[in-house]
Amino acid sequence: MEKIVFNPMEIFYDIEAFAGDKNIDPQSEVYSALLQWAPAAEKLVKPRAVIKWCTVKDLGDDRVQVAHKIFESHLLAEKLKGIERVFATVVTAGDELDALELPSDEVRNLLKYAALREARAAVDRYLKDHFSFDHMGRLNPGSLPDWPVANNPALFEIIGDVTETIGVRLTEKNYMQPGYSVSELLFSGDEDYDNCSLCKKYDCLGRKVPFDPEAYEQIFG
């Protein structure tokens, strides 16, 4: 299947819900600034996404093949066991918000992150509506030591022409630019899974679910 490209994506800020999820005090100056600048940011921001349907081949306890690339990862091998296909995706908030003269870098970064969150949610809805992904699992290079950011080039090769399609490029250390971008494998399983459940970076802004020590011990113990 050819790539599916969303460029640009239309998103709408829900500052109240975003602030509630991220524990931003409604009485704070940051919250007031987010409300003030969200309408302007909404008109300017241009999130983008590309997704590609890929085959999966089980190669054992610590190796799995996705499309034409082999990944060395116990986590991937465990989570993709019995899965025949996944979506390889890259989503970005873009860098258009850099043109806004915002009161602080904190407000700018929060608006970028909120845009990225809305764009990822839109991709999720698309996959659920068109491919019946009722339970969405996600695996991100670099979020856990078992599948480091060094795997980003292979994921980009699987998708193909990511920079040309949505403007996301890799640095020499395999991080993505623009900064508020995410690469991942999305799969449909028996239960929702997110790398956050195995990540010990407790204060991460992007955390969506709590750390699960039992699941961590089961996979890495």
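Quick look at the structure, then. Every value quoted in this text rests on a predicted model; they were computed, and no experiment measured them.

1. Points about the pattern of salt bridges
- In total, this model carries 8 salt bridges according to the counting rule given.
- Note that Arg120 is salt-bridged to Glu184, the shortest N-O span being 2.8 Å. Residue Arg120 is found in helix α4 (residues 105–131), and its partner Glu184 is found in strand β9 (residues 181–188); the two are separated by 64 residues along the sequence.
- The exposure class of Arg120 is buried, given its relative accessible area of 12%.
- For Glu184, a relative accessible area of 1% puts it in the buried group.

2. Things to note about the environment of Glu101
- Of note, Glu101 is situated in the loop between β5 (85–92) and α4.
- Here the alpha-carbon distance between Glu101 and Trp37, two residues 64 residues apart in the chain, equals 9.8 Å.

3. Quick word on the packing of aromatic side chains
- A full pass over the atoms with the stated rule returns 9 aromatic pairs.
- The interplanar angle of 35 degrees and the centroid separation of 4.3 Å between the aromatic rings of Trp53 and Phe87 together place this pair among those described as tilted. On the criterion of sequence distance, the pair formed by Trp53 in strand β2 (residues 48–58) and Phe87 in strand β5 is long-range, its members being 34 residues apart.
- Here Trp53 falls in the partly exposed class, since its relative accessible area comes to 22%.
- Arranged with centres 4.9 Å apart and planes meeting at 70 degrees, the rings of Phe87 and Phe131 form a pair that is edge-to-face. Placement of Phe87 in strand β5 and of Phe131 in helix α4 is noted, with a sequence separation of 44 residues between them.

4. Things to note about unusual backbone geometry
- Omega for the bond connecting Asn7 with Pro8 falls within 30 degrees of zero, at -5 degrees, which places this linkage in the cis form.
- In this model, Gln177 is joined to Pro178 through a cis peptide bond whose omega is 0 degrees.
- Mapping Pro178 onto the fold places it in the loop between β8 (176–177) and β9.
- The backbone of Ala67 sits at a positive phi, close to 55 degrees, despite the residue not being glycine.
- Take Ala67: it is sitting in the loop between β3 (63–66) and β4 (69–72).
- Notably, Asn174 is not glycine yet its phi reads approximately 75 degrees, a positive angle.
- Under the relative-accessibility criterion, Asn174 is labelled buried at 18%.

Rules used in this analysis
- Residues numbered from 1 in each chain as written.
- Predicted model: local features only at pLDDT ≥ 70, side-chain atom pairs only at ≥ 80, totals over all residues.
- Heavy atoms only, no water.
- Salt bridge = Lys/Arg side-chain N within 4 Å of Asp/Glu carboxyl O.
- Helix = DSSP H or I, 4+ residues; strand = E, 2+ residues; numbered from the N terminus.
- Buried < 20%, exposed > 50% of the residue type's maximum accessible area, 1.4 Å probe, protein only.
- Phe/Tyr/Trp six-rings, centres within 6.5 Å; stacked < 30°, edge-to-face > 60°.

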